[in-house]
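# Results of the structural survey
Residues per chain, in single letters:
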Amino acid sequence: MSLARPVAAVAPSPIPTHLRDSSPTNAPDVDATADRLRLLDDPQEWSAFSRPDAKRENVWESNILIEGMHCAACALTLEDALLGVPGVLTAEVSAGSHRARVLWSADAVRPSDWMRAVQTAGYRAVPANDAFARERRKNEARKALWRLLVAGLCMMQVMMYAYPAYVAEPGDLTAEMEQLLRWASWVLTLPVVLFSCGPFFGSALRDVLHRRISMDLPVALGMLITFSVSTAGTFEPLGIFGREVYFDSLTMFVFFLLSGRWLELRLRDRTAGALEVLMNRLPDSVARRLGDGSYERVPVRRLVLGDVMRILPGESFPADGVVLQGETTVDEALLTGESRPVPRGMGAPVIAGSHNLSSVVQVRVERLGDQTRFAQIVALMESASTTKPPIARLADRIAKPFLLAVLLAAGLACAFWWGRGPGHALMVAVAVLVVTCPCALSLATPAAMLAAAGTLARRGVLVRRLEAFEALAAIDTVVFDKTGTLTRDAMVLGDSQTRSGVATEQALAMAAALACHSLHPVSRALVLAAGEVATSVRWQAESVCELAGAGVSGRVCSDRASGAAVDLRLGSADFCGVETVRPDSLQVCLSDAQGWLATFEFHEELRPDAMSTVTALQAAGINVYLLSGDSMTAAARVATQVGIKAFKGACSPQDKLDFLRHAQQQGHKVAVVGDGLNDGPVLAGAHVSFAFGQAVPLAQAQADFVVLGDQLDAVSQALDLARRTLRVVRQNLWWAAGYNAVCVPLAMVGWMPAWLAGLGMGLSSLLVVLNALRLAKQPDS
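These notes cover the structure that comes with them. Treat the numbers as computed from the prediction; the structure is a model and nothing was measured.

### Observations regarding the overall build of the protein chain
Counting secondary structure elements, the protein chain contains 26 helices and 27 strands. Every one of the 781 residues in the protein chain was classed for burial, and the buried ones make up 54%. Partitioning the intrachain contacts of the protein chain with sequence separation of at least 6 by distance along the chain shows that 68% fall at a separation of at least 24.

Written as structure tokens, this is what we have:
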């Protein structure tokens, strides 16, 4: 994995062109860098790479990518540099995602100040949605691949020249031939040292200049010692280092290290790909309708509420809006978890970031910028990508002391073996320097949790805090809300009762003729139910009058000539002048001049996967409860339908909170699943919580996991994934700790050559990331 040179931060995209660094491969000069940093201090530019904090006035939150970091020690260095700037309130840097979250006060600091601090520390800060960041990363990946190929080619050639020295019997090789082979190996090692080792030496030099330590310092020191000892043995074969040269070991462990880093880079980009793919879904420009009906293409940032856009097939919607003309299908997979294209016609809502698939549509802008659902989703994913679970914080804290201990151990090993021979002593020290891998330890937790978060994001579940995985894996109790959680918000028709001689289909059609003039949810459910029933007579209503909260009245007549008009009332029992049959259920009555005509009973529609979700949780050993603010009868009906034995109705928010606290006092680990609207206190008090994001602005959802779609089985899937994640984390930690515990002593006693140490170090980090990537696969059914 290659390292970017320490240059200054630039502004993100989409932003004005004058703020962009259009030369991703070349560092800008100092004056140009200073000018761009000063431009970032204009408050009008802040919205391009930051968002205002919802809780504190004049406080902004910026999410940035850090180029040039590669281990936990780098993350701690950057956090210290950022927190050292007056006005920076918090700074979190993730070694796993290479992202930083900076909370700063506009009253005390400007963006150029803390971005300059990142530059001074030797790294490059670019906003998380910088259009050129991906291109720069591709360029760096190509450079890393070239370094790897050069190291591999030279390694094979050096091994050819080193092989005779390993197999030759005494007297087979003349001194001149052996010296010639050493010179050939030295020449072939030069490209490896000067080109392939460049990132290691550059990072180490930066650490020395800033008086700090990172993982590359002991590695670069080992490379330099090996090359110096071997060069001395080549130029002075009769000197103290002339007994043996180690060009083959040097080129081998450089090749192994570069292989591990290149694969690690590719795999890390894959685990963090869900966020990047999501952030890059908005177009830079859109066709906006003018007053004369023509269209002009304008930057997305110039859109205002009420503008009409024309979206072509294959384009993304840049804002939330309503379809005014046309019918199409839309891909909302990354935003809602709905894998199938959804139809969108006139009057249907569309969300920013979704893809238009089939035909041209005209859309009126309803929400822009931070108000869109897309922006809220991106904010949640950015926040999750920079959070650090407690285990990861512990690994980060021990990274620097571990590296200092490595340098000390290498020095002690060299001193111990010096009496046997300076060359051997230095190579033992090199093995100690190279074999240790705190990087694997620091990647063990974030690699697994970021992979799991990316998997859930592709399924339509956002993770607000990565540490929630640890809490979710330990839960033994799940508490469901009823309305909007186990059931949908819409009502469905249940039982129907009619007067003798009146067919149910006829009564339903007459009621629907009145209901279609009302926007009440029950009226809409009644019209929907009537549309599913075939009838030979069509009814129409006239002189319709609606009394809010009571019902609808009007004159209804059929399409048959012989049919007489009938005055009807549709609504509550009191409004219709009849008696309530079952006061504990939601009923709508229909009456005419003779009195009661029909009663329609409604209940909430159960989510299709509610029963399977509850069954899956119970099969996993979870105690499942239902707490509802609705009546006891309604709660009992839903609980029976989904298979929940423990339930309680007529619960106030305080009742739910009391139940939660009582369960926690008994030692239970409780997860709460709610709609995010009236469940705020109990969601905030639970060990871990889920909210269905359709019901509440995502920024206000007091939940650890936000379900974007309607899939209730996301709860059981998240539980299973959390348990698998914690198993992977433990495996990674045991592997990283065990690897260092075994290999460091072996290197110190001289039983591990430098090339094998390089292979072990490269494979150590790679195995951690590969193990984490197993979480990106679908679980076995």
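### Structural notes on unusual backbone geometry
One non-glycine residue with positive phi stands out, namely Asn 58, at about 60°. In this structure, Asn 58 sits in the loop between strand 1 (50–52) and strand 2 (59–67). Taking relative accessible area as the criterion, Asn 58 reaches 33% and is therefore assigned partly exposed. Even without a glycine there, the phi angle at Ala 650 is positive, about 55°. Structurally, the position occupied by Ala 650 is in the loop between strand 24 (646–648) and helix 23 (653–665). The class of Ala 650 is exposed, set by a relative accessible area of 55%.

### Quick look at the pattern of salt bridges
Summed over the entire model, instances satisfying the criterion amount to 12 salt bridges. The partner of Glu 92 in a salt bridge is Arg 101, and the shortest N-O contact between them spans 3.8 Å. Under the relative-accessibility criterion, Glu 92 is labelled partly exposed at 22%. Under the relative-accessibility criterion, Arg 101 is labelled buried at 17%. Across the pair Arg 182 and Glu 178 runs a salt bridge whose closest N-O atoms are separated by 3.6 Å. Residue Arg 182 and its partner Glu 178 are located together in helix 6 (residues 175–196), separated by 4 residues, close to a single helical turn. Judged by relative accessible area, Arg 182 falls into the buried class, the value being 7%. Judged by its relative accessible area of 33%, Glu 178 is partly exposed. Beyond isolated ion pairs, a larger network of salt bridges with shared partners links Glu 61, Glu 92 and Arg 101.

### Brief notes about the sheet that holds strand 11 (residues 342–344)
Judged by pairing direction, the sheet is antiparallel, and its 3 strands sit side by side in the order 11-10-13 without closing on themselves. Sheet topology places strand 11 and strand 13 (355–356) at the edges, where each strand pairs with a single neighbour. Across 3 bridges, strand 10 (residues 328–331) lies against strand 11 in antiparallel orientation. Across the sheet, Val 330 pairs through a bridge with Val 342, a residue of strand 11.

### Observations regarding a nonpolar patch on the surface
Taken together, the side chains of Leu 145, Trp 146, Leu 149 and Phe 195 define a hydrophobic patch exposed on the protein surface, amounting to about 410 Å² of accessible area. At 3 residues, the largest contribution of residues to the nonpolar patch is made by helix 5 (residues 133–167). Residue placement: Leu 149 occurs in helix 5. By relative accessible area, Leu 149 is classed as partly exposed at 47%.

### Points about the pairing of strand 14 (residues 361–367)
Pairing of strand 8 (residues 308–311) with strand 14, which is carried by 4 bridges, proceeds in the antiparallel orientation. Along strand 14, the bridge assignment pairs Ile 311 with Val 361. The sheet contact formed by strand 9 (residues 320–325) and strand 14 spans 5 bridges and is antiparallel. Each residue of the ladder has a partner; that of Val 322, found in strand 14, is Arg 364.

Rules used in this analysis
Residues numbered from 1 in each chain as written. Predicted model: local features only at pLDDT ≥ 70, side-chain atom pairs only at ≥ 80, totals over all residues. Heavy atoms only, no water. Helix = DSSP H or I, 4+ residues; strand = E, 2+ residues; numbered from the N terminus. Buried < 20%, exposed > 50% of the residue type's maximum accessible area, 1.4 Å probe, protein only. Contact = heavy atoms within 4.5 Å. Salt bridge = Lys/Arg side-chain N within 4 Å of Asp/Glu carboxyl O. Pairing = 2+ DSSP bridges. Patch = residues over 30% accessible without salt bridge, like charges linked within 9 Å, V, L, I, M, F, W, Y side chains within 5 Å. Areas by Shrake-Rupley, 256 points an atom, 1.4 Å probe, with all protein chains shown as cover.

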